[in-house]
Amino acid sequence: MSIRHGLLALLEHGPRYGSQLRTEFESRTGATWPLNVGQVYTTLSRLERDGMVAQGGEDDAGHALYVITDAGRTELKSWFETPVDRSSPPRDELAIKLAMAVGAPGVDIRNVIQSQRHHTVRAMQDYTRLKAQALTAIEGGGSAERDDVAWLLVLEQLIFQTEAEARWLDHCEVRLIRLSAAAHRGAEGTTAASLLGQPAASAEARPAPPT
């Protein structure tokens, strides 16, 4: 997530001070990615160092204001126009967990999958409920603010993401079931079963080959 570009986008609307930027960022994203004031001011300092923002005096309450520069506007325009790079995907904790669970002593990877699926489905239900509330407010004319529409888009992305995660977990479970079945049928069963955290079928338990 690009905090620096998010702050530049907010500064495009006019001078802001640090805690104001944090509040507006969280309002725009529904606090899905909360920031602390330290992160905001550290990022502002780097943007100022890079010539993308400048200090613009103080407001009536004495807050130090920041303004976007021409260089900042150029950077922001480039960010909006450039697709998000997917060639180096971010680390996903769930994918790492399942990868490490394969063959881990005492770990039933299918239990890990089922536990995660329950959590994912609950999250999807929560996001769907919040989406319904947001749509009711916007379509009913009670709310049409920029932040509300932005929050709706974030919610829909989270819904799509959890739906995809649930489908992937289903796929992983089916894949493991098929591998487990193959492990108990073939001579390679010892290796395959051990990877799944299961005891291999003994030679006596395996059916005799057809004559």
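Residues numbered from 1 in each chain as written. Predicted model: local features only at pLDDT ≥ 70, side-chain atom pairs only at ≥ 80, totals over all residues. Heavy atoms only, no water.

Considerations on the pattern of salt bridges
Consideration 1: A complete count under the given rule lists ten salt bridges for this structure.
Consideration 2: The salt bridge partner of R4 is D50, with a shortest N-O separation of 3.8 Å. Taken as a pair, R4 in helix α1 (residues 3-11) and D50 in the loop between α3 (37-49) and β1 (53-58) lie far apart in primary sequence, 46 residues in all.
Consideration 3: A residue is classified by how much of its surface remains accessible, and R4, at 25% relative accessible area, is partly exposed.
Consideration 4: The closest approach of N and O atoms between R117 and E173, which form a salt bridge, is 2.8 Å. Of this pair, R117 sits in helix α6 (residues 109-139) while E173 sits in helix α7 (residues 146-185), and the two are 56 residues apart along the sequence.
Consideration 5: The exposure class assigned to R117 is buried, which follows from its relative accessible area of 17%.
Consideration 6: Several salt bridges converge on common partners, so that one network encompasses R4, R49 and D50. (Salt bridge = Lys/Arg side-chain N within 4 Å of Asp/Glu carboxyl O. Helix = DSSP H or I, 4+ residues; strand = E, 2+ residues; numbered from the N terminus. Buried < 20%, exposed > 50% of the residue type's maximum accessible area, 1.4 Å probe, protein only.)

Side note on the packing of aromatic side chains
Consideration 1: Enumeration according to the criterion identifies one aromatic pair in this entry.
Consideration 2: On the basis of an interplanar angle of 40° and a centroid distance of 5.2 Å, the ring pair of W79 and F80 is categorised as tilted.
Consideration 3: Assessed through its relative accessible area of 33%, W79 is described here as partly exposed.
Consideration 4: By relative accessible area, which is 57% here, F80 ends up exposed. (Phe/Tyr/Trp six-rings, centres within 6.5 Å; stacked < 30°, edge-to-face > 60°.)

Quick notes on the packing of α1 against helix α4 (residues 70-81)
Consideration 1: Packing of α1 against α4 brings their axes to within 10 Å, and their N-to-C directions diverge by 115°. Along this stretch, α1 crosses α4, giving a crossing that reads as left-handed. In contact with H5, G6, L8 and A9 of α1, α4 contributes G72, E75, L76, W79 and F80.
Consideration 2: The residue makeup of the contact of α1 with α4, split by class, is five nonpolar, three polar and one charged. (Axes fitted to C-alpha atoms, helices over the stretch in contact; angles between N-to-C directions. Left-handed = near helix turned anticlockwise from the far one by under 90°. Contact = heavy atoms within 4.5 Å. Nonpolar A, V, L, I, M, F, W, Y, C, P; charged D, E, K, R; others polar.)

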